[in-house]
There are 2 protein chains.
Amino acid sequence: MRITILGGGGFLGRRLARRLAADGVLRTAGGERRIEALTLFDLAAPAPVEAPFPVRTLGGDVADPAALAAAIPPGTDVVFHLAAVVSAAAEADYDLGLHVNLQGTLAVVQACRALPAPPRVVFTSSVASFDGGQEARLPDDARQLPTNSYGAQKAMGELLLHDATRRGLLDAVSIRLPTVIVRPGRPNKAASSFVSAILREPLLGLPAECPVGEAFALWVCSPRAAVEWFLHAAGMDTALLGADRGVNPPGRSATVAKLLEALADVAGPEARALVRHVPDPAVAAIVGEWPAAFTATRARKLGFAEQEPLDEVVRAFVDEDLAATRAERGL
Amino acid sequence: MRITILGGGGFLGRRLARRLAADGVLRTAGGERRIEALTLFDLAAPAPVEAPFPVRTLGGDVADPAALAAAIPPGTDVVFHLAAVVSAAAEADYDLGLHVNLQGTLAVVQACRALPAPPRVVFTSSVASFDGGQEARLPDDARQLPTNSYGAQKAMGELLLHDATRRGLLDAVSIRLPTVIVRPGRPNKAASSFVSAILREPLLGLPAECPVGEAFALWVCSPRAAVEWFLHAAGMDTALLGADRGVNPPGRSATVAKLLEALADVAGPEARALVRHVPDPAVAAIVGEWPAAFTATRARKLGFAEQEPLDEVVRAFVDEDLAATRAERGL
Ligand SMILES: NC(=O)c1ccc[n+]([C@@H]2O[C@H](COP(=O)([O-])OP(=O)(O)OC[C@H]3O[C@@H](n4cnc5c(N)ncnc54)[C@H](O)[C@@H]3O)[C@@H](O)[C@H]2O)c1
Ligand SMILES: NC(=O)c1ccc[n+]([C@@H]2O[C@H](COP(=O)([O-])OP(=O)(O)OC[C@H]3O[C@@H](n4cnc5c(N)ncnc54)[C@H](O)[C@@H]3O)[C@@H](O)[C@H]2O)c1
């Protein structure tokens, strides 16, 4: 089995690569299959990972056909397409968002189409492709009426991959990811960056600002769950999906209050006291449109794993990422 | 008021141009406004129309930024974006469909964005962007899960225009047109070409083949209704639409039997007897996925006009288009 991760240098791309390296195999509907080769592709060539199979690292633009042809060579079985310009960045730079999120996904289709056999493509779409806001609990057939350019570009990417699947050019599963917490490192350009920050920064002993109130609810998941979903999507029998290649995975609806409670459970009331409420209308305007919950019935039936409880999510960050984040930030 | 019609040489583009020429004004929410200039743009420069205002005709590719900049000059108030590769053609040539229907619409966004003030854009999306088939009667908030590349490209175009509207780059209304009948001239590359052919060919005294059974239902409208909707969309107060710029207009659900009844009403049983049932699984596979009906509640509330009865639609073709079609085809 030959695998490519586009966006392989990012937060989730690196976790996925480490997990593939640790497993050495991919569980598919037809049984376990040995991984023979992994390509990590990102704007700059990602750092290699230790693995029991050869790992290639390549730098390039996902919207560049020649770069993609190198990243997705003949014989590729699975492409994880995670390369993206995230929400606030795509809102700030319209052309950049279109280039990477729309033309990039089109280039992925063309690269896959050039292969002798259609590969599985796992695409990371987003909760940001929906509207509905705080009151919403969206059913599986909810339409996507995005309220931001990132979400619109993700919904277009889904349509492209859905149609390319129907045409037999590739075999796509689009996972509309919740906001993934706790993101290590520094705050990033996602409008939802604060959701990780109000947990991560206090765990580092630093203050954090929360732009929305305690009652504000968000649809979240852990990086562990996200990677489980990627692997499940890569190996599942896609005949079960029928024509509809979009999946709303079983994340968790959590209020800011619940997140801060989990923080206090793990790190004590002092950690929680480091979070101040500082309303930010610009951020609230974006995330306030995203639906706070989904039924996720179909994904559960299709075998997408449940999310662990919030305190475990916070604990996993402490165990796996806190030291590295501290080092990275010179703390 | 300065107006551009992209696809101005096509079936609906020419009717719209003639109607604008006849009216000389556009009715808007703020009152009647005089038309000062009209640009007709198509692959080849369309034939001019007689009008009380200057008419420019331009040839070019809608996906070419320079051609579009010429077609949509500063001061343009309304762009009708009708340029498209239709259903069976986009299915047969994937790259051509993407080029015209996706990249073309992106070029329209970029051209509008370059104007000093955001123009109204009326976009012709399609019933083909939905699924559901014969049993469906789709509500206004039905999601678009296209079953053909043309429909997928139209749905992507809607997402682009929806987001560009939200960003203030233009002010779009996307009309998901039913199958427009009776189309004059020759059969074309739309999968729904037969719906017009089973009326037009017998009216010309020619035999016609119907690829689906008599009970097969279709969502149809007349060219007169389509042009009314275009004009309404061009002049309406779009604040009434809110964020959702897609409209399912009040077409009519008609079975093949009802269409043939209207034919017999207008041209007698001999005309009807010219239609033979010759099943075509390839055509049935495409149109069989399109929803047979919509509630169209929202469009009615927004003032989109009702459809005339079927026999009137057939009679209008006889009165307005039969002679020209006869001449065009040398009959
Ligand atoms: N993390 C979340 O909360 C979340 C939520 C919903 C969806 N997603 C989606 O999941 C995917 C992974 O998210 P992440 O958190 O790891 O994001 P990330 O920003 O850490 O990773 C994305 C990677 O894409 C790369 N990239 C950007 N432009 C590129 C280009 N032109 N060519 C090649 N690579 C390019 C970036 O360098 C980055 O390494 C993304 O598609 C994202 O939109 C993430
Ligand atoms: N007629 C219908 O039944 C129907 C139904 C649903 C939607 N629509 C949509 O309504 C619009 C008008 O339909 P129509 O029946 O008049 O179609 P048409 O094919 O008669 O007109 C479309 C025009 O677009 C032009 N065109 C194609 N590629 C182009 C390019 N690269 N650059 C510039 N122009 C290009 C064609 O030359 C043609 O004149 C289209 O967008 C169509 O998809 C039509």
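If you check an unreviewed UniProt entry, chain A appears there as NAD-dependent epimerase/dehydratase family protein from Roseomonas acroporae.

Let us look at the nonpolar core. Counting 152 residues, the largest nonpolar core has L6(A), L68(A), L170(A), L6(B), L68(B) and L170(B) as the members making the most contacts within it. When residues no more than four places from it in sequence are discounted, the contact partners of L170(B) are V109(B), C112(B), P118(B), P119(B), V121(B), L161(B), A164(B) and T165(B).

Here we come to the site of ligand 1. Residue and element names in this part refer to chain A. Near ligand 1, the surroundings consist of 25 residues, among which L12, D42, Y150, V180 and R183 are the closest. Residue L12 places a main-chain N or O atom 2.8 Å away from an oxygen atom belonging to ligand 1. Taking D42, its side chain carries an N or O atom lying 2.5 Å from an oxygen atom of ligand 1. Protein chains bury 88% of the 810 Å² of accessible surface belonging to ligand 1 in isolation. Here the shell around ligand 1 gets 3 residues from one element, more than from any other, and that element is strand β7 (residues 120-126). For the shell around ligand 1, the per-class residue count stands at 13 nonpolar, 8 polar and 4 charged.

This brings us to the interface of chain B and chain A. Interfaces are often described in size by the accessible area the parts lose on coming together. In this assembly, 33 residues from chain B lie in contact with 33 residues from chain A. Between chain B and chain A, a total of about 2800 Å² is buried, with carbon and sulfur atoms accounting for 53% of that surface. Counting the surface chain B buries against chain A, the share from its top three residues, Y94(B), R143(B) and L159(B), is 24%. On the surface where chain B and chain A come into contact, there are 8 salt bridges. Taken together, the connections running from chain B to chain A amount to 21 residue pairs in polar contact (both at pLDDT 80 or more).

Moving on to the packing of helix α1 (residues 11-23) of chain B against helix α7 (residues 223-235) of chain B. Residues and elements named next belong to chain B. Contact geometry of α1 with α7 gives a least axis separation of 10 Å together with a crossing angle of 65°. The handedness of the crossing between α1 and α7 comes out as right-handed. Across the interface between the two elements, F11, L12, R15, L16, R19, L20 and D23 of α1 pack against P223, A226, V227, E228, F230 and L231 of α7. Of the residues belonging to the contact of α1 with α7, the class tally is 9 nonpolar, no polar and 4 charged.

So, about the UniProt feature "domain: NAD-dependent epimerase/dehydratase" (unreviewed entry) in chain A. Under the feature "domain: NAD-dependent epimerase/dehydratase" (unreviewed entry), the UniProt entry names residues 3-205 of chain A. As annotated, residues 3-205 of chain A comprises 37% helix and 21% strand, and the C-alpha atoms at either end are separated by 39 Å.

The rules behind the values
- The numbers attached to residues start from 1 for each chain and follow its sequence in the written order.
- Starting at A for chains and at 1 for ligands, labels are handed out in the order in which the entities are written.
- Residues qualify for local features only when their pLDDT is at least 70, as the model is predicted, and side-chain atom pairs are given and counted only at 80 or more; totals for whole chains, interfaces and linings, by contrast, use all residues.
- The basis for every side-chain value is the complete set of heavy atoms in the structure, and neither hydrogens nor water enter the calculation.
- Here, nonpolar core refers to any group of buried Ala, Val, Leu, Ile, Met, Phe, Trp, Tyr and Cys residues whose side-chain atoms link them within 4.5 Å.
- Exposure is judged per residue with a 1.4 Å probe applied to protein chains only, and the accessible area is read against the type maximum: over 50% gives exposed, under 20% gives buried, and values in between give partly exposed.
- Residue contacts are defined here by distance: any two heavy atoms, one from each residue, within 4.5 Å place the two residues in contact.
- Near is defined per residue: the residue qualifies when any heavy atom it owns lies within 4 Å of the molecule or strand.
- For this analysis, a polar contact is any N or O atom pair within 3.5 Å, provided that within protein one partner can donate a hydrogen and the other can accept it, and provided that sequence-adjacent residues contribute only side-chain to side-chain pairs.
- To measure how exposed things are, a 1.4 Å probe is used in the Shrake-Rupley method; for residues, cover is taken only from the protein chains shown.
- Strands here are runs of E lasting at least two residues and helices are runs of H or I lasting at least four, both read from the DSSP assignment and numbered beginning at the N terminus.
- All amino acids are sorted into three groups, where Ala, Val, Leu, Ile, Met, Phe, Trp, Tyr, Cys and Pro are nonpolar, Asp, Glu, Lys and Arg are charged, and the leftover types, Gly among them, are polar.
- Here's the idea: put two parts together, see how much 1.4 Å probe accessible area each one loses, and the total over both is what we call buried area.
- When a carboxyl oxygen of Asp or Glu is within 4 Å of a side-chain nitrogen of Lys or Arg, the pair counts as a salt bridge.
- A fitted line through C-alpha atoms represents every axis, and for helices the fit uses only the stretch in contact; the resulting angles, taken between N-to-C directions, go from 0 to 180 degrees.
- For a crossing to be left-handed, the near helix must be turned anticlockwise from the far one by less than a right angle; the clockwise case is right-handed.
- UniProt positions are given in the numbering used here, feature names are shortened, and annotations may be inferred rather than shown by experiment.

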